[in-house]
Amino acid sequence: MPGTIIVGLDGSLESRAAAEWAGREAQLRGAGVRLVHVWLPVPKTMAQAPLLGAETHQHWTERVPREAAEELRRRHPGVEVTFEQRTGAVAEALLDASRDAELLVLGSRALSGFSGFLVGSAGQSVVARAEVPVILIRAGERAADEHVEDSGGAPSADTAFRPVVLGLDSDSPDDTVVAFAFEEARLRGAALTVVQGWSLPPYYVYSLSAGVDPREDITRERAAELTETLLPWRQKYPDVEVVETSRLGSPANHLVDASRDASLVVVGRRVRRSPFGIHIGSVAHAVLHHAAAPVAVVAHD
């Protein structure tokens, strides 16, 4: 439903962190949170077992979302929190539940150390097919992680938000992705860092052979293109501070570097109509696997 943030909940620490992030985001947006718990019915062979039967299974599956909703209401009293249970395939259930929502938030295990996401097959399917922005949150993500440290260098949720980071290709910018990033920065009162990575054109080799190094000219051209692309957005969001970064090299690597000081990283995913395979895109895929902050994957045509 409009004005609702959907959270995929399975009782894990990752999904509870996702619910907590959704509660904070709902406060910023004035939205509600709906926890969606998907479970599979007990097979007939297990239904006869007194400790593993259908009634026991149903009790625990009902308890997980109910207790999570109660905890979220306690921590965010101004947010309307509801929950529902669905049966069937997890990805299909979450995609259906989020069809008219504002956001879909999923928990993900950390891939390694302090960065990266380990996204299971169901999660990848949701990210690749969702019509709404999908946010990936790791277990252990705290409100303080989204904010700059206090004057004593300690984590704090009372300081200013860290920047929102947007990955953008000025050759093919998409309004849906750009608008989402600007709006997230506006809601947080945060700066927006726009990151563009690019490769040298084929003619670069021929220029070198002629004794000319055009890198400085190319760098200026790419930076100017990014500035021109963002100009109407700066005018639309005059209160959002915009920091432009246009550098030679992999866009994914630059985004991962920027994520270390970000409250949220925003990347686009081109919608693919093919029914075969899971298509997220190389940049989004790399960022999901290495980013040090929550990642928003926004679908666009």
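The coordinates are above.
Owing to the predicted nature of the structure, the values given are computational and were not obtained by experimental measurement.

**Focus: the overall build of the chain**
Across its full length, the chain carries 10 helices and 11 strands. When contacts within the chain are restricted to residue pairs at least 6 apart in sequence, long-range pairs at least 24 apart make up 75% of them. When the accessible area of the chain is evaluated, it comes to approximately 15,300 Å², of which 52% is carbon and sulfur surface.

**Notes on the pattern of salt bridges**
Tallying each qualifying case throughout the model produces 26 salt bridges. Among the salt bridges present, the one from Arg142 reaches Asp145, with a minimum N-O distance of 2.9 Å. For Arg142, a relative accessible area of 44% puts it in the partly exposed group. One continuous salt-bridge network, built from bridges that share partners, spans Arg34, Glu84, Arg86, Asp96, Arg99 and Glu131.

**Some words on the side chain of Arg34**
By the element assignment, Arg34 lies in strand S2 (residues 32-39). A polar contact is formed between the side chain of Arg34 and the side chain of Thr82, at a distance of 2.7 Å. The contact partners of Arg34, leaving out residues within four places of it in the chain, are Thr4, Ile5, Ile6, Val7, Thr82, Phe83 and Glu84.

**Thoughts on the nonpolar core**
In terms of nonpolar packing, the biggest core is built from 43 residues, with Leu35 and Val266 touching the most fellow members. Core analysis: the second largest hydrophobic core is formed by 32 residues, Leu104, Val134, Val165 and Ala293 among them.

**Let's talk about the packing of aromatic side chains**
Taken as a whole and judged by the stated rule, the model has 2 aromatic pairs. In textbook terms, an aromatic cluster arises when at least three aromatic residues are bridged by ring pairs, as seen for Phe182, Trp233 and Tyr237. One Lys or Arg, Arg188, reaches over the ring of Phe161 and ends 5.7 Å from the middle of that ring.

**Thoughts on the environment of Ser170**
For Ser170, the position within the fold is in the loop between strand S7 (164-167) and helix H6 (175-188). The class for Ser170 is buried, based on a relative accessible area of 11%. Along the primary structure Ser170 and Ala223 are separated by 53 residues, whereas in three dimensions their C-alpha atoms are 9.2 Å apart. Discounting chain neighbours no more than four positions away, the residues touching Ser170 are Gln196, Arg222, Glu225, Leu226 and Thr229.

**Some words on the pairing of strand S6 (residues 134-138)**
Most of S6 is tucked away: 5 of the 5 residues are buried. Side chains Val134, Leu136 and Arg138 project from S6 onto one buried face, and the interleaved Ile135 and Ile137 project onto a second face that is buried too. With 3 bridges joining them, S6 and strand S11 (residues 295-300) adopt antiparallel strand pairing. Note that in S11 the partner of Leu136 across the bridge is Val295.

**What about the environment of Pro65?**
Here Pro65 is to be found in helix H3 (residues 54-75). Overall, Pro65 belongs to the buried group, its relative accessible area being 0%. Between the C-alpha atoms of Pro65 and Leu35, which are 30 residues apart in sequence, the distance is 6.7 Å. Sequence-distant contacts of Pro65, defined by excluding residues within four places in its chain, comprise Leu9, Leu35, His37, Phe83 and Gln85.

**What to know about the packing of H6 against helix H8 (residues 215-236)**
Relative placement of two packed helices is described by the angle separating their axes and the distance separating the axes. Packing of H6 against H8 leaves a shortest axis separation of 11 Å and a crossing angle of 45°. With respect to H8, the element H6 is oriented oblique. In this structure, H6 crosses over H8, and the sense of that crossing is right-handed. Side by side, H6 and H8 meet where Asp175, Val178, Ala179 and Phe182 of the first sit next to Leu230, Trp233 and Arg234 of the second.

**With respect to helix H9 (residues 251-259)**
Three or more residues of H9 are buried, namely Ala252, His254, Leu255, Val256 and Ser259. Buried residues belonging to H9 abut S7, strand S8 (192-198), strand S9 (242-248), strand S10 (264-270) and helix H10 (282-290). If you check the start of H9, you find a side-chain oxygen 3.3 Å away from the backbone N of Ala252, and it comes from Ser250.

**Observations regarding the packing of helix H1 (residues 13-29) against H6**
Between H1 and H6, whose axes approach to 9 Å, the crossing angle comes to 85°. The angle between H1 and H6 falls in the class roughly perpendicular. From H1, Trp21, Glu25, Leu28 and Arg29 reach across to H6, where they touch Phe180, Glu184, Leu187 and Arg188. Here the residues of the contact of H1 with H6 are counted per class, giving 4 nonpolar, no polar and 4 charged.

**Description of H8**
Across its 22 residues, H8 extends 32 Å between first and last C-alpha, which sits within 8% of the 32 Å expected from 1.5 Å per residue. Among the residues of H8, those classed as buried are Ile218, Arg222, Leu226, Thr229, Leu230 and Trp233.

Calculation rules
- Per chain, the residues get numbers from 1 upward, laid out in the order the sequence is written.
- Where local features are concerned, this predicted model is filtered to residues with pLDDT of at least 70; where side-chain atom pairs are given and counted, the filter is 80 or more; whole-chain, interface and lining totals use all residues.
- To obtain the side-chain values, all non-hydrogen atoms of the structure were used and water was disregarded.
- Each helix is a run of DSSP H or I of at least 4 residues and each strand a run of E of at least 2, with the numbering of both proceeding from the N terminus.
- The contact criterion used throughout is that any non-hydrogen atoms of two residues lie within 4.5 Å.
- Note on areas: these come from Shrake-Rupley sampling with a 1.4 Å probe, and a residue is covered only by the protein chains present in the view.
- Only one rule defines a salt bridge in this text: a Lys or Arg side-chain nitrogen within 4 Å of an Asp or Glu carboxyl oxygen.
- Only protein chains enter the accessibility calculation, which uses a 1.4 Å probe; a residue is then buried when its area is under 20% of its type maximum, exposed when over 50%, and partly exposed in between.
- N or O atoms closer than or at 3.5 Å make up a polar contact, with two conditions inside protein: a donor-capable atom paired with an acceptor-capable one, and, for residues adjacent in sequence, both atoms drawn from side chains.
- Among the buried residues, those of types Ala, Val, Leu, Ile, Met, Phe, Trp, Tyr and Cys that are joined through side-chain atoms within 4.5 Å form a nonpolar core.
- Pairing of aromatic rings covers Phe, Tyr and Trp, the last through its six-membered ring, and needs centres within 6.5 Å; plane angles under 30 degrees mean stacked, over 60 mean edge-to-face, and all others mean tilted.
- Put simply, a charge is over a ring when the Lys NZ or the Arg CZ is close to the ring centre, within 6 Å, and near the line of the ring normal, within 35 degrees.
- By the convention used here, strands pair only if DSSP detects at least 2 bridges between them.
- A fitted line through C-alpha atoms serves as each axis, taken over the contacting stretch for helices, and the angle formed by two N-to-C directions is quoted from 0 to 180°.
- An angle counts as roughly parallel when it lies under 35 degrees, as roughly antiparallel when it exceeds 145, as roughly perpendicular when it falls between 65 and 115, and as oblique in every other case.
- Crossings are sorted by hand: turned counterclockwise from the far helix by less than a right angle, the near helix makes the crossing left-handed, and turned clockwise it makes it right-handed.
- Note that Gly is not counted as nonpolar here; it falls among the polar residues with everything else outside the nonpolar set of Ala, Val, Leu, Ile, Met, Phe, Trp, Tyr, Cys and Pro and the charged set of Asp, Glu, Lys and Arg.
- Here, expected helix span is obtained from the residue count minus one, scaled by 1.5 Å.

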